[in-house]
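# Summary of structural features
Now for the letters of each chain:
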Amino acid sequence: MNRALLRSSKLLNQIQLRKILNDGCKVKIQPSATFWLNCNHQIRHYSNNKDKSGDKSRAAEPEEEPEFDDPGSTESERSHQLITAKYFRVNEEEQNKKSFEGAIDIFTHKDGRRRGDVEFIYGALKNMEKFGVHKDLQSYKKLMNVFPKGKYVPENRIQADFFHYPNHQDCAIAIMVKMEENKIIPDEEMGDMIINIFGKLSEPFKKYCRCMYWYPKLKNISPWLLPDKLPDDALELALIGIEQITSVDRLTEINVYETKELEQATDKTWIVSGQSPEQMKLLKEVEIGSPIYVEGAFRLWLDDCQVNYFILRGPPKPRHEDAKLEVVDIEEIRMWMDGEKEKHEGRQLNRYPSVHEQEDGVIY
């Protein structure tokens, strides 16, 4: 069997060579990897009538391979790179909401049937952060509007139960998952759009109903609410982060120390410190010679911004003895308004440890 294939491939190669030589062209043959595919040689023709100046200009300009032609990438990655190169490749100065919505308009006006809408939406979702529209509700609504109206609405209960147009429904759910990640609550207009596109008996509309039920309840559940747009200044972010960390003690005072106030400072920077009166008292009670450690840096995430902080930790305090129950005659109990002292003057209350006194050390 292999010998027959080898003979047939040799015959085909000889026929191809004779035909090319009769035409008066030079050939360059690159053999393939396996012997039974020798008939698929790559043949390059070099004509003698070409202009030499044209050859030099072409040699000076190498061909650029498209980014999406990576053999190691998956099909979804290649489609994303293709959509990015075709619609969303603009200068950094032009990467804004206007250019993002302009790319969507170009796609929707190009073909009335909206072929390739799923691939386009997936590619647009991956480019939203680059254009700065990942927290804009109008951009998500415009992206949902890419789907044609009425085409994906199930006509009967059987189509609805068997997940009518599953890829398109998954794509619409991906839009709302992206909104969920960026804490965007849909409005009634988006619900009307989903009904017109997929109908009420669809998974995207069920996802929309769950979002409208839970998101308003969970939006303000965190005790450390952040502004809708975080500041870009590192000092303001540090103040917000220290306020969250020290919220366990409402008497904490937050101060900002500038290095420019020191003559020995070599760098202009700042330190944000939070310390309560209870911590100051504990710090004064530290014995001379006891070690105090600066630990960190620890991470604190404020939405998508990271803040690093350090803590001052000392050795743990000895554990207080448990209170002992004593049987006291009711006649010996004195109230402060009586003006009389207790007969047992040595009796004292145990001091309850503060929130800063942990088992592994005291945080100053």
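Here, every reference points to the structure presented above.
The following paragraphs examine the structure supplied in this document. (Residues numbered from 1 in each chain as written. Predicted model: local features only at pLDDT ≥ 70, side-chain atom pairs only at ≥ 80, totals over all residues. Heavy atoms only, no water.)

### Comments concerning the pattern of salt bridges
One side chain can pair with another of opposite charge once the charged atoms of both are near each other. Per the counting criterion, the structure on display carries 13 salt bridges. Close ionic contact of Lys-141 with Asp-187 constitutes a salt bridge, the shortest N to O distance being 3.0 Å. Of the two residues, Lys-141 sits in helix α7 (residues 137-144) while Asp-187 sits in the loop between α9 (166-181) and α10 (188-198), which places them 46 residues apart along the sequence. Take Lys-141: its relative accessible area is 5%, and that puts it in the buried class. For Glu-203, the salt bridge goes to Lys-206, with nearest N and O atoms at 3.4 Å. Separated by 3 residues within a single helix, Glu-203 and Lys-206 lie in helix α11 (residues 203-218), roughly one turn from each other. (Salt bridge = Lys/Arg side-chain N within 4 Å of Asp/Glu carboxyl O. Helix = DSSP H or I, 4+ residues; strand = E, 2+ residues; numbered from the N terminus. Buried < 20%, exposed > 50% of the residue type's maximum accessible area, 1.4 Å probe, protein only.)

### What to know about the environment of Ser-202
Of note, Ser-202 is situated in the loop between α10 and α11. Taking the relative accessible area as the measure of exposure, Ser-202 reaches 2% and is therefore buried. C-alpha of Ser-202 to C-alpha of His-164: the two residues are 38 residues apart in sequence and 7.9 Å apart in space.

### Notes on the side chain of Asp-249
Inspection of the secondary structure puts Asp-249 in the loop between α12 (234-245) and β3 (253-258). For the buried residue Asp-249, which engages in no salt bridge, the nearest side chain bearing the opposite charge is Arg-250, 7.5 Å off. In this structure the side chain of Asp-249 is engaged in a polar contact, spanning 3.0 Å, whose partner is the side chain of Ser-276. Filtering out sequence-adjacent residues up to four positions away, Asp-249 remains in contact with Ser-276, Glu-278 and His-356. (Lys, Arg positive; Asp, Glu negative; His and termini not counted. Polar contact = N/O pair within 3.5 Å; in protein donor to acceptor, adjacent residues only side chain to side chain. Contact = heavy atoms within 4.5 Å.)

### A word on the sheet that holds strand β6 (residues 305-314)
If you trace the 4 strands from one edge of the open sheet to the other, you get β5-β6-β8-β7, paired in antiparallel fashion. On the outer flanks of this sheet lie β5 (293-302) and β7 (357-358), each paired with one strand and no other. Here β7 pairs with strand β8 (residues 361-363) via 2 bridges, running antiparallel. Counted as the bridge partner of Glu-357 is Val-362 from β8. (Pairing = 2+ DSSP bridges.)

### Some details on α12
For α12, with 12 residues, the first-to-last C-alpha span of 16 Å sits near the 16 Å given by 1.5 Å per residue. Every buried residue belonging to α12 is among Leu-237, Ala-238, Gly-241, Ile-242 and Gln-244, and all of these are buried. Around the axis of α12, the buried residues are gathered within 155 degrees of arc, so they sit on the same side. Packed against the buried residues of α12 are β3, β4 (270-275), β5 and β6. (Expected span 1.5 Å × (residues − 1). Arc of directions from axis to C-beta.)

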